[in-house]
Each structure stands twice: as structure tokens, then as C-alpha cells.
Amino acid sequence: MELRLLSTENERTIFAARTEQIRAKHGVGFKERPRSRLARIHLTFGNLYALFENDGDPAERMIAGLVMHDLEMFPQTCSKPDLSHLPPRSVLEVSELWSCAVGAGALVRAGAAILAGLLDARAILAYLGVKPFDGTPFYRAGGFVNAGEPVEYPYLETLKGEAIWAQPMILGGESLAKLTRVFSQLIVETCDDYRVLRFRNFLKGRSAGGRPVFVNGEAPMAGTRLGHGNDVAQGQ
């Protein structure tokens, strides 16, 4: 597997289009508020990472992706939790996670954990929907813990225009260190100052929901944004 930091305008355009296509196709139950520009900010100024099944695949072959930014690049999405005790560069916020292949969501999260270790991150921050839908269980099982009380998410709303509440969650300390140690054993190579990460596919040959994980690079599952606990609708 190859997790690649996208650098060209064409790559970023394909990533953004794929995100919107998956949202539209799978009806994730929420939309951006009319005046919000959060997604545009993330997609324009964040670090966009795309997952590819084969090394050097063209951008059109991306099968999953996520956006990461550290708090030195620009602030966290919501004012809470207070992370001022940590160096801003050491906190990575993850958002806009999507996948269009069975198992690809788990693999791109594994790649993000490997990157966190390589970048000496001390915490990974995510905002997961908790009301009216709950996207926290999967992340909790992976070592994330609540970082304060739920907050009203200011940038998204349900399709009916109702408020969405998000639970800020943090993966840090020994939980983050343990996860990065485990997944770092999968590294095949890193290139270009960690702009390209190649790692073994630990799901290859397995099945998900009775379907094989990857069949000629394709599989019929997808999702994006604001924290559901499987490959459908992840990140924020």
C-alpha cells in the first residue's frame, strides 16, 4: 500500500471530487451549513493524503484519503479541547476521511498512525459525531478517549437543518505510542521526507461483510466525514 501526500492541483481536485461523490452516493445524513467554508479550508490548506493499492498509481486510482493538519499550520476546528499544554506542531487533527474500497478506511487510518509516529506527534485529535448519530465506538476501541464534553459542531447540520453535536476525542500518550509501534512494523519504505509511505497490506486476502478486501483494486464501499465508526462517513 502507498499513502501519498498530494502536491499538485490536479491531485487535490480529484481528492475533493472523490470526497463529494462519495458523500452524495451514500447519503451520510448531514451537510455543511450554508455559510461554512470549513471543508474548503481543510482541502485547500491541509495536508491531503491518499491511499493507493499499488506504488506509483495515478491520482485517479486513489481508494481512500484523509486530511491532516497540525495546530501550527492553522487552528483546531473547535475551540475545545484546550491543548495549549502541547506544542502546536505536535498535535495532528484528522478530518475528511473517506474510502471507496472495503477495508481501505482501516488501512488509511493505519497509515495515519504510522505517520504520527514518524512526525513525532504527541496527540491525534478528531471530532466525532455523537448526536443525533454516534460515530465514537470505533475510535474508542482504537484507544481514543473523550477530551471534555460534546460540543455543538458549528459547521455541519443534519439534512433537516438540525444541530449536530460532536465529541472531541484524543489519541495520545502510551495509547498513541503503542499504536504507532504496532503499525510501524508494517513499513516497507518512506520517501521524500515522509511524503510517501509504503506499508504492507495487513488485510490482504481477508474478507469484510462476506466480501473480499480488494478485488482488482475495487470494492463497493465508501464514505466520508464526521466520524461514523466504519468505512462509511469518517473524519469530520
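Up top you'll find the structure we're talking about.
As the structure is a prediction and not an experimental result, all values here were calculated from the model. (Residues numbered from 1 in each chain as written. Predicted model: local features only at pLDDT ≥ 70, side-chain atom pairs only at ≥ 80, totals over all residues. Heavy atoms only, no water.)

**Observations concerning the overall build of the protein**
No. 1: When helices and strands are tallied, the protein shows five helices and 14 strands.
No. 2: A total of about 10,900 Å² of accessible surface is found on the protein, and carbon and sulfur atoms cover 52% of it. (Helix = DSSP H or I, 4+ residues; strand = E, 2+ residues; numbered from the N terminus. Areas by Shrake-Rupley, 256 points an atom, 1.4 Å probe, with all protein chains shown as cover.)

**Some remarks on the pattern of salt bridges**
No. 1: Tallying each qualifying case throughout the model produces nine salt bridges.
No. 2: A salt bridge links glutamate 2 to arginine 4, with the nearest nitrogen and oxygen atoms 2.7 Å apart.
No. 3: When its relative accessible area of 12% is taken as the criterion, arginine 4 is described as buried.
No. 4: Across the pair arginine 198 and glutamate 189 runs a salt bridge, and its minimum N-O distance is 2.7 Å.
No. 5: Judged by relative accessible area, glutamate 189 falls into the partly exposed class, the value being 34%.
No. 6: In the salt-bridge network here, residues are joined through shared partners; they are Glu2, Arg4, Asp55, Glu189 and Arg198. (Salt bridge = Lys/Arg side-chain N within 4 Å of Asp/Glu carboxyl O. Buried < 20%, exposed > 50% of the residue type's maximum accessible area, 1.4 Å probe, protein only.)

**A closer look at unusual backbone geometry**
No. 1: In the segment running from lysine 80 into proline 81, the intervening peptide bond is cis, with an omega of 5 degrees.
No. 2: Tracing the backbone shows proline 81 in the loop between strand E4 (64-70) and strand E5 (91-99).
No. 3: Looking along the chain, the bond that leaves lysine 131 and enters proline 132 is cis, with omega of 10 degrees.
No. 4: Take proline 132: it is sitting in the loop between strand E6 (123-131) and helix H4 (137-141).
No. 5: Phi at tyrosine 194 takes a positive value of approximately 70 degrees, unusual for a residue other than glycine.
No. 6: With respect to the helices and strands, the residue tyrosine 194 is situated in the loop between strand E10 (187-191) and strand E11 (196-199).

**As for the side chain of glutamate 157**
No. 1: Note on placement: glutamate 157 falls in strand E8 (residues 151-158).
No. 2: Relative accessible area serves as the criterion here: at 11%, glutamate 157 is assigned to the buried category.
No. 3: Excluding its chain neighbours within four sequence positions, the residues that come into contact with glutamate 157 are Phe30, Lys31, Arg33, Pro34, Glu162 and Ile164. (Contact = heavy atoms within 4.5 Å.)

**Describing the pairing of strand E3 (residues 47-52)**
No. 1: Among the six residues in E3, five count as buried, and that is most of the element.
No. 2: When strand E1 (residues 2-5) meets E3, the two strands line up antiparallel, connected through four bridges. From the neighbouring strand, leucine 3 faces E3, where its bridge partner is leucine 51. (Pairing = 2+ DSSP bridges.)

**A look at the pairing of strand E9 (residues 163-172)**
No. 1: The buried fraction of E9 is high, at seven of ten residues.
No. 2: Two elements, E6 and E9, share eight bridges in a ladder whose sense is antiparallel. Pairing of alanine 126 across the sheet is with methionine 169, part of E9.
No. 3: Where strand E7 (residues 145-146) meets E9, two bridges bridge the pair, whose relative direction is antiparallel. In the strand pairing of E9, asparagine 146 is matched with methionine 169.
No. 4: Relative to E9, E8 runs antiparallel, the two being bridged by three bridges. Bridging across to E9, valine 151 finds its partner in alanine 166.
No. 5: Counting the residues in the hairpin turn of E8 and E9 gives four residues, including glycine 161, whose phi is positive at 85 degrees.

None of this, on its own, says anything about what the molecule does.
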